[in-house]
Amino acid sequence: MTNDTLATEIVRPGDEGYERLSRTFAKEGAPARIVRPRSAAGVAEAVGHAAREGLVLSVRSGGHSAPGYGTNDGGVVIDLAHLDGVEVLGGDLVRIGAGARWGEVAKALAPHGLAISSGDTDSVGVGGLMVGGGIGWLVRKYGLALDHLVEAEVVTAAGEVLRASAEENADLFWAIRGGGGEFGVVTSFLVRARRETTVTFARVGYPADDAATLIKAWRDVVRAAGEELTSSAHMYPAFGEDAPPAIMILAVYAGDDPSVIEPLTRLGESTFQDISTVPYAEVLESAELPPGWRPMVRNRFVPVLTDELIDAWVSPEVPMMFREIRAIGGAMGRGEDTAFAHRDSEAMLLGVLLGAPDDHPARLPAYDALWEAVEPYVSGAYANFFSDPRPTDVAAVYPPVTRTRLESIKRAYDPTGVFSQNLAHF
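Treat the numbers as computed from the prediction; the structure is a model and nothing was measured. (Residues numbered from 1 in each chain as written. Predicted model: local features only at pLDDT ≥ 70, side-chain atom pairs only at ≥ 80, totals over all residues. Heavy atoms only, no water.)

### As for the environment of Gly-128
Topologically, Gly-128 is positioned in helix H4 (residues 126–132). The class for Gly-128 is partly exposed, based on a relative accessible area of 36%. Distance in space between the C-alpha atoms of Gly-128 and Ala-362 is 32 Å, their sequence separation being 234 residues. When neighbours within four sequence positions are excluded, Gly-128 is seen to be in contact with Ser-61 and Asn-384. (Helix = DSSP H or I, 4+ residues; strand = E, 2+ residues; numbered from the N terminus. Buried < 20%, exposed > 50% of the residue type's maximum accessible area, 1.4 Å probe, protein only. Contact = heavy atoms within 4.5 Å.)

### Looking at the pattern of salt bridges
Side chains that differ in sign of charge can pair as their charged atoms come close. Overall, the coordinates contain 26 salt bridges when judged by the stated rule. Glu-346 is paired through a salt bridge with Arg-223; the nearest N and O atoms lie 2.6 Å apart. Here Arg-223 lies in helix H7 (residues 211–224) and Glu-346 lies in the loop between strand S17 (321–327) and strand S18 (347–353), a separation of 123 residues in the sequence. Arg-223 gets classed as partly exposed once you look at its relative accessible area, which sits at 42%. For Glu-407, the salt bridge identified is with Arg-403, shortest N-O distance 3.1 Å. With Glu-407 and Arg-403 both in helix H12 (residues 400–413) and four residues apart, this pair spans about one turn of that helix. On the basis of relative accessibility, which here comes to 26%, the residue Glu-407 falls in the partly exposed class. Residue classification places Arg-403 among the partly exposed residues on the basis of a relative accessible area of 25%. Salt bridges here are not isolated pairs; linked through shared partners, they connect Glu-9, Arg-36, Arg-60 and Asp-79. (Salt bridge = Lys/Arg side-chain N within 4 Å of Asp/Glu carboxyl O.)

### What about the sheet that holds strand S3 (residues 57–60)?
Reading across the sheet, the four strands line up as S1-S2-S4-S3 and stay open at both edges, with mixed pairing between neighbours. Looking at the sheet topology across the chains shown, the edges are occupied by strand S1 (9–11) and S3. Here the strands of the sheet are splayed against their neighbours by 20 degrees on average, with no regard to which way each runs. The pairing of strand S2 (residues 33–36) with strand S4 (residues 76–79) spans three bridges and is classified as parallel. Pairing of Val-35 across the sheet is with Ile-78, part of S4. (Pairing = 2+ DSSP bridges. Axes fitted to C-alpha atoms, helices over the stretch in contact; angles between N-to-C directions.)

### Points about the packing of aromatic side chains
Per the stated rule, a full pass over the model turns up 10 aromatic pairs. Relative to Phe-340, the ring of Phe-301 lies with its centre 5.9 Å away and its plane at 75 degrees, an arrangement referred to as edge-to-face. Of the two residues, Phe-301 is situated in strand S16 (residues 296–302) and Phe-340 in the loop between S17 and S18; the sequence distance between them amounts to 39 residues. Taken together, Phe-301, Phe-340, Tyr-382 and Phe-385 form an aromatic cluster joined through their ring pairs. When the ring centre of Phe-173 is taken as origin, the NZ or CZ atom of Arg-177, which lies over that ring, is 3.8 Å away. The ring centre of Trp-174 lies 3.8 Å from the NZ or CZ of Arg-405, which sits over that ring. (Phe/Tyr/Trp six-rings, centres within 6.5 Å; stacked < 30°, edge-to-face > 60°. Lys NZ or Arg CZ within 6 Å of the ring centre and 35° of its normal.)

### Focus: H12
With 14 residues, H12 extends 20 Å between its outermost C-alpha atoms, agreeing within 8% with the 20 Å of an ideal straight helix rising 1.5 Å per residue. Buried residues along H12 sit against strand S9 (161–165) and helix H6 (170–176). (Expected span 1.5 Å × (residues − 1).)

### Let's talk about the pairing of S16
The buried count for S16 comes to seven of seven residues, which makes it a mostly enclosed element. Neither face of S16 is left uncovered, since the one carrying Met-296, Arg-298, Arg-300 and Val-302 and the one carrying Val-297, Asn-299 and Phe-301 both have all their residues buried.

### Considerations on unusual backbone geometry
Here Asn-169, not a glycine, exhibits a phi torsion of approximately 50 degrees, which is positive. Secondary-structure assignment places Asn-169 in the loop between S9 and H6. One non-glycine residue, Met-320, lies in positive phi territory at about 55 degrees. Note on placement: Met-320 falls in the loop between helix H9 (307–314) and S17. Its relative accessible area of 26% is what places Met-320 among the partly exposed residues.

Spelled out as structure tokens, the structure:
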């Protein structure tokens, strides 16, 4: 490998920037080298080096992998940060580098009247979110981020640079839409954006005195609304005497019509309301963790958001746990056949134990008991929202039929397991 700054940048322990680049959003690492290519050829060279030397290989687009797959100890990290271009090709086609951040993408598309439903956070990388799914603020109208994908440039374990699309390497194209990073390094995505400019964004606060009743009312409003409305209900724990438990309803309506949001302001006696019409890019939030924090994250999909499920989800007391129900469905349920296997879901549950790793063990029994209580009502899980995945979590993401097909594709494109730092090992 060269260290030509016009080509691939290599950062080693002791180099300037190593401390910052060796860690991700939620995990410290100590890789032997961090390789920052500026081309697919540079990525191929880095993959080949790691394979020849038998080194653990991590691939990072934005570094928001909660389990910390974007770094390692003693191995190689391919950091795609330099592959961050956003090019509008004409019409609604956009070529996006895998190292771009979704906030940058949204801002670049706005002057063209275009948007892509991505995630909720501006600093999340395009690559990791896209290959895992992409459940964002326009999911009910336009589906998952991966549903926008037309083709991808992929570097394989053998160092080949392939195009994956419905017409070329179709099995690989199927796998990278929901199967994660087990099959190669995606360096760029050709995406079909949507004609969308401004959205109506709402944040409405409520006390948590009768959480079950309020969330059932929220569910009924979302069910009655059209697919242009995407919403989530957040339950915050108490943060001291001056910050009691609270519920926050967030919603995005694809269009300029606050009246669609208005029913969400009448679920109870609100503590505050903030409704505005903004460019889509402005609804993507920044994300930072307090020093020392490493939240524990788990999720499940819900086929039908029943009263019984809501009662089971909101009732148990789990200290310092954030709970969220995301309304999904709509266009997500009509997507193409991909490795994302859970199209028939009305909602997703997200449970987060807040705090540092040492805080979690005492609360883990109550956390596990809550997930056991909702088990009869859930089916499947989302690859991108786990911090400490267990075998049951991985099995929930990839049901048997999906997993069998992914295992076959893994054998074809990465038989020696070069790409192993992912949720599942196929």
